[in-house]
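Structural overview
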Amino acid sequence: MVNIEINGIPIQARDGAMVIEAADEAGIVIPRFCYHKKLSIAANCRMCLVDVEKAPKPLPACATPVTDGMVVRTRSEKALDAQKGVMEFLLINHPLDCPICDQGGECELQDLAMGFGKDASRYTEARRVVPEKNLGPLIATDMTRCIHCTRCVRFGREIAGIMELGATGRGEHTEIGTYVERTVNSEMSGNVIDLCPVGALTSRPYRYTGRPWENRQSVSIAPHDCVGSNIYIETRRGRLMRVLPQENEAINETWISDRDRFSYTAVQGEARLARPMIKQGEDWKEVDWHTALEYAVEGIRRVREQAGSEQIGALVSPSSTLEELYLAQKLLRALGSDNIDHRLRQTDFRDQDLAPVAPLLGSTLAELEARDAVLLIGSFTRKDQPLAAHRLRKAAVRGAAIMSVSSLAYDFNFDLAAEIVAAPAGMVNELAGIASALLELSGGEAPEGLASLLAPLAISEAHRDIAARLREAEQGSVLLGVQALGQAELSELRALAGVIARESGASLGYLPDGANAVGAWLAGAVPHRRPGGDETGGRDVDNMINDGLRACLLLGVEPEFDTAQPARALATVEAADFVVVMNPFVSETMKTYADVLLPVATWAETAGTYVNVEGAWQRFTAAMEPLGEARPAWKVLRVLGNLFELDGFEQTSTDEVHDEAREAIGEVTPATDSAWRLPAARTVAGEGLQRIAFLPIYGVDGLVRRAAALQATADAPPAAMYLNGALAAELGLSDGESAVARQDNNAVTLPVIIDEGVPDGCVLIPQAIKGVEMLASATGRVSVERA
Amino acid sequence: MMQSGKRASKLHLITAASLEEIDHWVAKYPADRKQGAVMAALRIVQDQNGGWLSNDLMDAVAEYLGMEPIEVYEVATFYSMYERDPVGRHKICICTNISCMLCGSAEIVRHLEERLGIKLGETTEDGRFTLKEVECLGACVDAPMFQIGRNYYAKLTKEKVDEILDALD
Ligand code: SF4
Ligand code: FES
Ligand code: FES
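Residues numbered from 1 in each chain as written. Chains lettered and ligands numbered in written order. Predicted model: local features only at pLDDT ≥ 70, side-chain atom pairs only at ≥ 80, totals over all residues. Heavy atoms only, no water.

To continue, consider the site of ligand 1. The immediate surroundings of ligand 1 are formed by 13 residues, with Cys146(A), Cys149(A), Thr150(A), Cys152(A) and Cys196(A) found nearest. Here the residues of the shell around ligand 1 are counted per class, giving eleven nonpolar, two polar and no charged. (Near = heavy atom within 4 Å. Nonpolar A, V, L, I, M, F, W, Y, C, P; charged D, E, K, R; others polar.)

Below is the structure:
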């Protein structure tokens, strides 16, 4: 620590801190544009010039380290003179278009110009004009307003990990842009909108729709991934205007992903279900809530009487709130059925009794950043959980070994220390190889049957390399991601991951899909465990889909997109006698299988809790009234309980549901170790290629699937099949041609795209997008032939 | 768009001879600072390509040096010696900075423009000459001056200019 004085106030500052940091900590305001605490120091705007005693000229506070005894004045004549001078230069080329600029009211330049600017310009020469850039559907540009602070450029290089924007040209001709016209494709690109201190980069979906001072800000939690980024939802007169990050150093720092930022556009979209509807013969009729709920209760009762409770089941979205999930399982169980599942993309349940109490990360997100080695198993973290990937990236940049075993040579935004790309079934061999290499190193005893998973492959150099790096690491993590959790080999992968973690001393963790997978497990939204984890026995999602249900409740779920077996799930709900849909949206497909459509609130319109992957319980309130006659799902579930005349459905607020759930869940101590059990052998049925069912970032739930701006980005892939060149040649297929993919008796015709990152013997067909919903399963075999 | 990170390579656009020359420069920097050779690499591929850089060539340099394409564009747009559009066989870089201006560069420019029938920044239709205005080339003692290819021509007069141009193919 060093002692300095700013404006006469004695301050203790960290050694090596810059004057601006010390001032910020002490609450002394120094004007700035280019400085940002999360970015490297560029010191190119010069707005932060301050007067330092003994220095002949003013110094930039953002690039001047503190020294003992330093005396700084931020408001002396010399300092103010310098700051006003810089401001005058900055305003030379800046257009005076504040009245039509979206940044107005939250513009750093506007604010500082009030303090340091003159009311008239002395500049009479020509001003520069910079042509607009097309950066894609998310970011609007007005580049003449740019003051060349390079925050956006540094963000790309340092935070997003793909540098897309740059400063081309020189001097007065400097321009910020991509140089060749292309869209900005980072999954975190929207953050440059917040970073840009002027109105050069603004939100395209929000463009010209509002003024910041008219918006009401509510605190909320992002609803799309297990990070649980903290956000602000801004509304105006009951309309959702935009979503912004809320700073939380432990979770999302100051960033949010584009998915969390732009999905809101669907909240007011046309696809919203505004009033309850029931099916009368072939027609749909809008009814009042009471009629709809009575009708739902009636239908389910009838099935229960005729076929018994085991014919009732519920599929619930892993992005539902804890309160909704708790009440849904309570309702089902009170009706005598344990058939509830949120693991909609999971296909292997052989080892579910061994699963931990919840799919937790095994560390905090901040700790992830300090790991020395991380083995990702079937995780495309960058698009699955962008903010978790950001932590991994920071670790990698620091020199940590981030390694991946998956079924796609994935485009991470950092360098992997080791990468194995194998067909889904082949990943078992690879993990067995790594586990065996570790056992060799540790001299530990191989668990029974391990060898049978390794044969006939031997331990390779790659296995030894990964094993050694994990073992050397003081802090290591082994993480199972979204791909792994959806695989038919999950039991094997989990068992092997357990051995790898144990033998290397790493922690074992998960990066599941959905915003609330941890909450769903804790709340008992699984068939085999009650809230808190007590064992019971119901039918899992695979069983419900394949053996059928007579009555089905779908909470926030569209079977053709949200399950791993789209065609089969659709057939199941179509065959069911009675289907209750609770969803904020309505689609034509829903109308083909549903009997009752109940409009429920989106996350923005209800209070609730998400438990993130670290196990942090994060509560949020409603930012606005639900659209039309929609009601929060927890209320709907509660009233259903009342109408069934069940006990324990008297809650009058989410607080009450929350407290009740919390008590039922109790104190859970997550197991740190996973038990070894050689999974019962299971062969992949069918003929043909192995399917890799990539889950696109903008396909994960109904809200993002309806967010128009996100769907217009390059990350929303068209329905297509991707395979490598050698395999395509073998099948006589070429790039751009159409081919037929067949599973069960269903076939879809898709364009072929050659992608050398897909392993041999595999075809990658994304799931959760239009055009592939007639495929039977995200796992297993697909036969491919020329169209 | 592909789902994996495997992108089509543009490295084949750089000739083996150019690569060898680039490697000579790469060797001057620490192994993890290859991008230090970017300016040399751009010059080499520009020469290979008849005096200008296409976007694809810049991408290839980025790929070879492990940089993002935009980082290479930044360099190529910053320095005036890199051309991003095709140029004539002979690029006449005429200095109009202060010393040359005082010694009559304006007249030389006018003469060149008349003789070649093009303005500053343009290329003759037959693809022989490009006329480019540049800043001080450090030869002020012999102002006015211009540079063609690797050669400086100093103390220019109209007659001398004609002589020089006549001697070129
Ligand atoms: S666009 Fe905005 S953030 Fe980027 S350099 Fe210009 S002013 Fe700074
Ligand atoms: S904030 Fe210090 S120079 Fe820009
Ligand atoms: S001014 Fe022309 S060479 Fe220096």
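Structure shown, so let's carry the discussion forward.
With that settled, consider the interface of chain B and chain A. Contacts between the two partners involve 19 residues from chain B, matched on the other side by 31 residues from chain A. A buried area of about 1,900 Å², summed over both sides, lies between chain B and chain A, and 57% of it is on carbon and sulfur atoms. Our enumeration of links across chain B and chain A arrives at one salt bridge. A salt bridge links Glu71(B) to Arg157(A); the nearest nitrogen and oxygen atoms lie 2.9 Å apart. Where chain B meets chain A, there are five residue pairs in polar contact (both at pLDDT 80 or more). Elements supplying a minimum of two residues to the side of chain B that touches chain A: α3 (55–65) and α4 (69–78) of chain B. No other element matches α4(B), which puts six residues into the side of chain B that touches chain A. Grouping the constituent residues of the side of chain B that touches chain A by class yields seven nonpolar, six polar and six charged. (Contact = heavy atoms within 4.5 Å. Buried area = accessible area lost by both parts, 1.4 Å probe. Salt bridge = Lys/Arg side-chain N within 4 Å of Asp/Glu carboxyl O. Polar contact = N/O pair within 3.5 Å; in protein donor to acceptor, adjacent residues only side chain to side chain. Helix = DSSP H or I, 4+ residues; strand = E, 2+ residues; numbered from the N terminus.)

So, about the sheet that holds strand β20 (residues 476–480) of chain A. All names here are of chain A. Read across the sheet, five strands follow the order β19-β18-β17-β20-β21 without closing on themselves; strand pairing throughout is parallel. This sheet does not close on itself; its edge strands, each paired only once, are β19 (418–421) and β21 (507–510). Pairwise comparison of adjacent strand axes, ignoring direction, gives a mean angle of 15 degrees for this sheet. Bridge count for strand β18 (residues 401–406) against β19 is four bridges, and the pairing is parallel. By the bridge assignment for β19, Ser406 is matched with Val421. The strands touched by helix α16 (residues 490–504) are β17 (373–377), β20 and β21; relative to β20, the strand with the most contacts, the crossing angle is about 180 degrees. (Pairing = 2+ DSSP bridges. Axes fitted to C-alpha atoms, helices over the stretch in contact; angles between N-to-C directions.)

Residues and elements named next belong to chain A. Put simply, helix α2 (residues 77–92) and helix α3 (residues 108–116) touch, their axes get as near as 10 Å, and they point 130 degrees apart. Judged on the interaxial angle alone, α3 and α2 are oblique. The interaxial crossing formed by α2 with α3 has left-handed handedness. Of α3, the residues touching α2 (which contributes Leu80, Gln83, Lys84, Met87 and Leu91) are Leu109, Leu112, Ala113 and Phe116. (Parallel < 35°, antiparallel > 145°, perpendicular 65-115°, else oblique. Left-handed = near helix turned anticlockwise from the far one by under 90°.)

Let's shift gears to helix α4 (residues 151–160) of chain A. Among the ten residues that make up α4(A), eight are buried, leaving the element largely enclosed by the rest of the structure. Backbone geometry just downstream of α4(A) places Gly161(A) in the positive-phi region, at approximately 80 degrees. (Buried < 20%, exposed > 50% of the residue type's maximum accessible area, 1.4 Å probe, protein only.)

By size, the foremost hydrophobic cluster in this structure holds 108 residues, and its most contacted members are Phe33(A), Met47(A), Phe155(A), Ile402(A), Leu42(B) and Val61(B). No other element matches the six residues that α3(B) contributes to this core. Discounting residues that sit within four places of it in the chain, Ile402(A) has contacts with Val374(A), Leu376(A), Leu392(A), Ala395(A), Ala396(A), Phe414(A), Leu416(A), Ala417(A) and Ala418(A). Ala292(A), Ala314(A), Met582(A) and Val611(A) belong to the second-largest nonpolar core, a separate cluster that totals 55 residues. (Core = buried A, V, L, I, M, F, W, Y, C linked by side-chain atoms within 4.5 Å.)

Residues and elements named next belong to chain A. In this fold, Thr254 is placed in the loop between β12 (239–245) and α6 (258–262). The exposure class assigned to Thr254 is buried, which follows from its relative accessible area of 14%. Non-local contacts of Thr254, meaning those with residues more than four positions away in its chain, are made with His36, Lys37, Lys38, Asn191, Pro245 and Glu247.

Turning next to the environment of Ala720(A). Residue and element names in this part refer to chain A. Following the sequence through the fold, Ala720 ends up in the loop between α25 (708–711) and β28 (721–723). Classification of Ala720 by relative accessible area gives buried; the value is 0%. Leaving out residues up to four positions away in the same chain, Ala720 has contacts with Leu750, Pro751, Ile753, Leu764, Ile765 and Pro766.

Quick look at the environment of Glu367(A) now. All names here are of chain A. Position of Glu367 relative to the elements: it lies in helix α9 (residues 365–369). For Glu367, a relative accessible area of 39% corresponds to the partly exposed category. Distance in space between the C-alpha atoms of Glu367 and Ala395 is 9.6 Å, their sequence separation being 28 residues.

How two helices pack is summed up by the angle between their axes together with the distance between the axes. Residue and element names in this part refer to chain A. Viewed as axis vectors pointing N to C, helix α7 (residues 289–307) and helix α22 (residues 633–643) meet at an angle of 60 degrees, and their least axial separation amounts to 10 Å. The angle between the axes of α7 and α22 places the two elements in the oblique class. The handedness of the crossing between α7 and α22 comes out as right-handed. For the pair formed by α7 and α22, the contact residues are Trp289, His290, Leu293, Glu294, Ala296, Val297 and Arg301 on the first element and Val636, Val639, Leu640 and Leu643 on the second. Across the contact of α7 with α22, the residue classes tally to eight nonpolar, one polar and two charged.

Looking now at the pattern of salt bridges. Residue and element names in this part refer to chain A. Counted according to the given criterion, the structure contains 65 salt bridges over all chains. In this structure, Glu253 and Lys38 form a salt bridge, with 3.1 Å as the shortest nitrogen-oxygen distance. Taken together, the residues span a long stretch of sequence, with Glu253 in the loop between β12 and α6 and Lys38 in the loop between α1 (19–25) and β3 (49–52) at a distance of 215 residues. On the basis of relative accessible area, Glu253 is assigned to the buried category, the value being 1%. With a closest N to O distance of 3.2 Å, Asp142 and Arg145 form a salt bridge.

All names here are of chain B. A large share of strand β2 (residues 129–134) lies buried, amounting to five of its six residues. Here strand β1 (residues 90–95) runs beside β2; their pairing, made up of six bridges, is parallel. Among the inter-strand pairings, Lys91 is bridged to a residue of β2, identified as Thr130.

Moving on: the sheet that holds strand β11 (residues 230–236) of chain A. All names here are of chain A. In space, the three strands of this open sheet follow the order β10-β11-β12, with antiparallel pairing throughout. Whereas interior strands pair on both sides, the edge strands pair on one side only; in this sheet they are β10 (216–221) and β12. The sheet shows a mean angle of 30 degrees between the axes of neighbouring strands, taken without regard to direction. As paired elements, β11 and β12 share six bridges and run antiparallel to each other. Note on β12: the bridge partner recorded for Thr235 is Leu240.

Another point: the packing of aromatic side chains. Residues and elements named next belong to chain A. The final tally for this structure, using the stated rule, is twelve aromatic pairs over all chains. Judged by centre distance (5.1 Å) and plane angle (45 degrees), the ring pair of Tyr610 and Phe620 falls under tilted. With Tyr610 in strand β25 (residues 608–611) and Phe620 in strand β26 (residues 617–620), this residue pair connects regions lying ten residues apart in the sequence. For Phe620, a relative accessible area of 4% gives the class buried. (Phe/Tyr/Trp six-rings, centres within 6.5 Å; stacked < 30°, edge-to-face > 60°.)

What follows covers the side chain of Lys279(A). Residue and element names in this part refer to chain A. Tracing the backbone through its elements, the reader meets Lys279 in strand β13 (residues 277–280). Summary of buried charges: Lys279 has no salt-bridge partner, and the nearest side chain of opposite charge, Glu282, is 5.0 Å away. A polar contact of 3.3 Å, which involves the side chain of Lys279, links it to the backbone oxygen of Lys591. Those residues within four positions of Lys279 in sequence are excluded, and the remaining contacts are Trp284, Tyr295, Lys591, Thr592, Ala594 and Asp595. (Lys, Arg positive; Asp, Glu negative; His and termini not counted.)

A separate point is helix α7 (residues 158–166) of chain B. A turn of α-helix holds 3.6 residues, and therefore any two residues three or four places apart point the same way. All names here are of chain B. Looking at α7, one finds that the buried residues are Val161, Ile164 and Leu165. Mapping the buried residues of α7 onto a view down its axis gives an arc of 95 degrees, with all of them on the same face. Away from its buried face by more than 90 degrees, α7 exposes Glu159, Glu163 and Asp166. Those residues of α7 that are buried are in contact with β1, α6 (105–116), β2, β3 (146–148) and β4 (151–153). (Arc of directions from axis to C-beta.)

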